[in-house]
Amino acid sequence: MVAENFIEFKDVGKVYPNGTVGLSHINLTIPKGQFLVVVGLSGSGKSTLMRTLNRMHDISSGDIMIDGQSIINYKGKQLRNLRRKIGMIFQNFNLVKRSSVQRNVLSGRVGYYSTWRSALGLFSQADKQKTVEALRRVGLGEKLYTRADQLSGGQQQRVAVARAFMQDPKIVLADEPVASLDPLTTDSVMNDLKKLNDDFGITVIVNLHSLELARKYADRIVGLRGGELVYDKTIDQVTDTDLDNIYQSEGPEPESEAIVMHSATEGVI
Amino acid sequence: MNEVPKRSFVQRIHLKLIIWLGLFIGLVYWTASLTGVNLVMFFENFDQFTALLDKMARPDWSYTQLVINPILQTVQMALIGTTIGTLIAIPFSVLAARNIVKNPFIRTIIRFILNLVRTLPDLMLAALFVAIVGIGPIAGVFTLAVFSFGMISKLFYEAIETIDEGPLEALQATGANRSQVVIFAVIPQVFNYFISYFLYTFEINVRASTVLGYLGAGGIGVYLQRSLNEFAYDKTAIIILAILVVVLIIDTISNTMRERLL
């Protein structure tokens, strides 16, 4: 593993148009080939942080460098070239359910084709072969021509991993990839991600809720709370009490809100 | 604390419902008196209607041979018109969909054009195209194309607005450009709706094109008008039966196909 700073967040802040603070003063460097797990409560900024890397979200302040280049002002072709080198896995798999598995996996490759060639389905033989290879890697070779909605949740997520693999990514982002899966398929999806990391040195960043999984797969764990980086340790330094602290919330907010609403309708406190 | 609240007097006698009902009845009465709807006259002159039915009850079966070609022409007109309208509607519907085009300015302009096209009555379009390209089926094809375009683009963009947006985000994240996102993530999700709406519009167009013939826009309508002008109700009956058969066939085919698709 090369210990160069591959990804660099420099004092990154993000404020949403409605005033919500998504991220504040994030300073983080990620070396090439690291398997980084980001933990934190819902709404802590994990997804936002991840999406600033492929610019699905823009930041409000600071700078982000990938491979020594600032990416925050990329536009058009340059932005698309950045994105095609970054694979992304989603909680809801985000496959086109009515399309075949083959077409879903190939869609990871369209960034490398002109509009017309991809529209007419003129994918090269090499890329079609690569589709088969990508599916074999996740153990779904026989599903090539199956429609995506006929697969189980775990299988769909593994197709999504294959789609990301098609991009020849340098970075893979996985946003709660196992949140809607059962424990058994969870392991197979996490193993697929780990294999991308081991076999090709792809930098993998995963958002997770499960601390147990985080400890099992991560090289390093960072924690977010309220948009701020509150924790950052490599796996050999992580202790159980540390992780409990990350998940300590400031108070039962939703509950107090419910009480207010209740009293408003009843007129009695 | 946990008591069921009592309904107020107004709620108990359903006052709102009574008011709305009263308003509705008042409105119907008012519009009826304003437009001069006279039910007495309708029933007094009902024998006119039965007299017509009586004449049509003896169809001139020898006329059937003559009707076949024009009714096929009607179906052909509807097919070509619907196809042209659909092809033009696809790009417009994509541009009018809220989840694809985030720019409200472009969307508003596109939707305004679509509303404008839908406002034009098909009979007026037919008159217009007859004036432009002359009497004949070509005018009918153009009319149906514009009519289908207006209708289909609305059905299409509403279908597009219901799709799962996850795949759009996924495709965008792979570095696909906007057209590629539409081709790979939008079209596959709505394709079956598109086919279904195409068939539905085709059905409507077959019916509509019978009327268009009145204005000289080709098809069976020309014969319908001629027979009515000549008071040849035995021929009218054949034409109406022929239209019925064709509409039933198309209905059955398109219903079966749509059920399989959705």
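Residues numbered from 1 in each chain as written. Chains lettered and ligands numbered in written order. Predicted model: local features only at pLDDT ≥ 70, side-chain atom pairs only at ≥ 80, totals over all residues. Heavy atoms only, no water.

- The name that an unreviewed UniProt entry assigns to chain B is Phosphonate transport system permease protein, with the source organism given as Secundilactobacillus oryzae JCM 18671.

- As recorded in an unreviewed UniProt entry, chain A goes by Phosphonate transport system ATP-binding protein and comes from Secundilactobacillus oryzae JCM 18671.

### Examining a nonpolar patch on the surface
Residue and element names in this part refer to chain B.
Here is step 1: Residues Phe9, Val10, Ile13, Leu15, Ile19, Trp20 and Leu23 make up a contiguous nonpolar surface patch of about 710 Å² in total accessible area.
Here is step 2: The set of elements that each furnish at least two residues to the nonpolar patch consists of α1 (9-12) and α2 (15-35).
Here is step 3: Broken down by element, the residue count for the nonpolar patch peaks at four residues, all from α2. (Patch = residues over 30% accessible without salt bridge, like charges linked within 9 Å, V, L, I, M, F, W, Y side chains within 5 Å. Areas by Shrake-Rupley, 256 points an atom, 1.4 Å probe, with all protein chains shown as cover. Salt bridge = Lys/Arg side-chain N within 4 Å of Asp/Glu carboxyl O. Helix = DSSP H or I, 4+ residues; strand = E, 2+ residues; numbered from the N terminus.)

### Some details on the UniProt feature "domain: ABC transmembrane type-1" (unreviewed entry) in chain B
Here is step 1: UniProt records the feature "domain: ABC transmembrane type-1" (unreviewed entry) at residues 71-254 of chain B, using the numbering of this structure.
Here is step 2: As annotated, residues 71-254 of chain B has a helix share of 83% and a strand share of 0%, and its two end C-alpha atoms lie 18 Å apart. (UniProt positions renumbered as here; feature names shortened; annotations may be inferred.)

### Quick notes on the interface of chain B and chain A
Here is step 1: Chain B puts 22 residues into the contact, and the matching count from chain A is 30 residues.
Here is step 2: Carbon and sulfur atoms make up 57% of the area that chain B and chain A hide from each other, which totals about 2200 Å².
Here is step 3: In this structure, the connection of chain B to chain A is made through two salt bridges.
Here is step 4: Between glutamate 169 of chain B and arginine 51 of chain A there is a salt bridge whose closest N-O contact spans 2.8 Å.
Here is step 5: Taken together, the links from chain B to chain A amount to six residue pairs in polar contact (both at pLDDT 80 or more).
Here is step 6: Only α9 (166-173) and α10 (178-212) of chain B provide two or more residues apiece to the side of chain B that touches chain A.
Here is step 7: Top contributing element to the side of chain B that touches chain A by residue count: α10 of chain B, with eight residues. (Contact = heavy atoms within 4.5 Å. Buried area = accessible area lost by both parts, 1.4 Å probe. Polar contact = N/O pair within 3.5 Å; in protein donor to acceptor, adjacent residues only side chain to side chain.)

### Here's the deal with the packing of aromatic side chains
Here is step 1: Across all of its chains, the model carries twelve aromatic pairs over all chains by this definition.
Here is step 2: Considering the side-chain rings of phenylalanine 123 of chain A and phenylalanine 184 of chain B, the 6.1 Å spacing of their centres and the 70 degrees angle between planes classify their relative orientation as edge-to-face. Residue phenylalanine 123 of chain A is located in the loop between α4 (115-119) and α5 (125-137), and its partner phenylalanine 184 of chain B is located in helix α10; the two belong to separate chains. Comparing phenylalanine 123 of chain A with phenylalanine 184 of chain B, the two get one shared label, buried.
Here is step 3: Ring pairs connect the aromatic residues Phe42, Phe43, Phe46 and Phe49 of chain B, which therefore count as one cluster. (Phe/Tyr/Trp six-rings, centres within 6.5 Å; stacked < 30°, edge-to-face > 60°. Buried < 20%, exposed > 50% of the residue type's maximum accessible area, 1.4 Å probe, protein only.)

### Observations regarding the side chain of threonine 52 of chain A
Residues and elements named next belong to chain A.
Here is step 1: Along the chain, threonine 52 turns up in helix α1 (residues 46-53).
Here is step 2: Engagement of the side chain of threonine 52 in a polar contact is seen with the backbone oxygen of leucine 49, the distance being 2.6 Å.
Here is step 3: Apart from residues no more than four positions distant in its own chain, threonine 52 is found in contact with Phe9, Leu23, His57, Ile59, Ile64 and Ile71.

### So, unusual backbone geometry
All names here are of chain A.
Here is step 1: For aspartate 67, which is not a glycine, the phi torsion comes out positive at approximately 55 degrees.
Here is step 2: By the element assignment, aspartate 67 lies in the loop between β4 (61-66) and β5 (69-70).
Here is step 3: A positive phi angle is found at asparagine 94, which is not glycine, with a value near 55 degrees.
Here is step 4: Following the sequence through the fold, asparagine 94 ends up in the loop between β6 (86-89) and α3 (101-106).

### Remarks on α2 of chain B
Residues that lie three or four places apart on an α-helix share one face, since the helix turns once every 3.6 residues.
All names here are of chain B.
Here is step 1: With 21 residues, α2 extends 30 Å between its outermost C-alpha atoms, agreeing within 8% with the 30 Å of an ideal straight helix rising 1.5 Å per residue.
Here is step 2: Of all 21 residues that make up α2, zero are buried, and the element is exposed over most of its length.
Here is step 3: A positive backbone phi angle near 70 degrees is found at glycine 36, which sits one or two residues after α2. (Expected span 1.5 Å × (residues − 1).)

### So, the pairing of β4 of chain A
Here is step 1: With two bridges connecting them, β4 of chain A and β5 of chain A associate as antiparallel partners. The residue of β5 of chain A that forms the bridge with methionine 65 of chain A is serine 70 of chain A. (Pairing = 2+ DSSP bridges.)

### Here's the deal with the UniProt feature "transmembrane region" (unreviewed entry) in chain B
Residue and element names in this part refer to chain B.
Here is step 1: As recorded in UniProt, the sites labelled "transmembrane region" (unreviewed entry) are residues 17-43, 75-97, 181-200, 206-224 and 236-254.
Here is step 2: Spanning residues 181-200, this segment combines 100% helix with 0% strand, and its end C-alpha atoms are found 27 Å apart.
Here is step 3: For residues 236-254, the end-to-end C-alpha separation is 27 Å, with 100% helix and 0% strand making up the annotated structure.

### Overview of the pattern of salt bridges
Here is step 1: Evaluated as defined, the whole model comprises 20 salt bridges over all chains.
Here is step 2: Between lysine 130 of chain A and aspartate 168 of chain A there is a salt bridge, with its nearest N and O atoms 2.9 Å apart. With lysine 130 of chain A in helix α5 and aspartate 168 of chain A in the loop between α6 (153-166) and β7 (171-175), this residue pair connects regions lying 38 residues apart in the sequence.
Here is step 3: Taking the relative accessible area as the measure of exposure, lysine 130 of chain A reaches 15% and is therefore buried.
Here is step 4: A salt bridge links arginine 207 of chain B to glutamate 203 of chain B; the nearest nitrogen and oxygen atoms lie 3.5 Å apart. Within this pair, arginine 207 of chain B and its partner glutamate 203 of chain B are both found in helix α10, separated by four residues, close to a single helical turn.
Here is step 5: One salt-bridge network, in which partners are shared between bridges, spans Arg109, Asp127, Lys130 and Asp168 of chain A.

### Here we look at the sheet that holds strand β3 (residues 35-39) of chain A
All names here are of chain A.
Here is step 1: Strand order in this open sheet of six strands is β6-β7-β8-β3-β9-β10, and the pairing throughout is mixed. This sheet does not close on itself; its edge strands, each paired only once, are β6 and β10 (228-234). Each strand of the sheet is rotated relative to its neighbour by a mean of 15 degrees, with strand direction disregarded.
Here is step 2: Sheet topology places β3 next to strand β9 (residues 220-225); four bridges connect them, and they run parallel. Within β9, the residue paired with valine 37 across the bridge is isoleucine 221.
Here is step 3: Seen against the sheet, helix α7 (residues 183-200) touches β3, β6, β7 and β8 (203-208) and runs at an angle of roughly 155 degrees to β8. (Axes fitted to C-alpha atoms, helices over the stretch in contact; angles between N-to-C directions.)

### Side note on helix α11 (residues 220-229) of chain B
Residues and elements named next belong to chain B.
Here is step 1: For α11, the full list of buried residues reads Ile220, Gly221, Leu224 and Ser227. Buried residues of α11, seen end-on, are gathered within an arc of 125 degrees and therefore sit on one face of the element.
Here is step 2: Those residues of α11 hidden inside the fold are in contact with α5 (64-96), α10 and α12 (233-261).
Here is step 3: Where α11 ends, the next residue or the one after it, phenylalanine 231, has phi of about 55 degrees, a positive value. (Arc of directions from axis to C-beta.)

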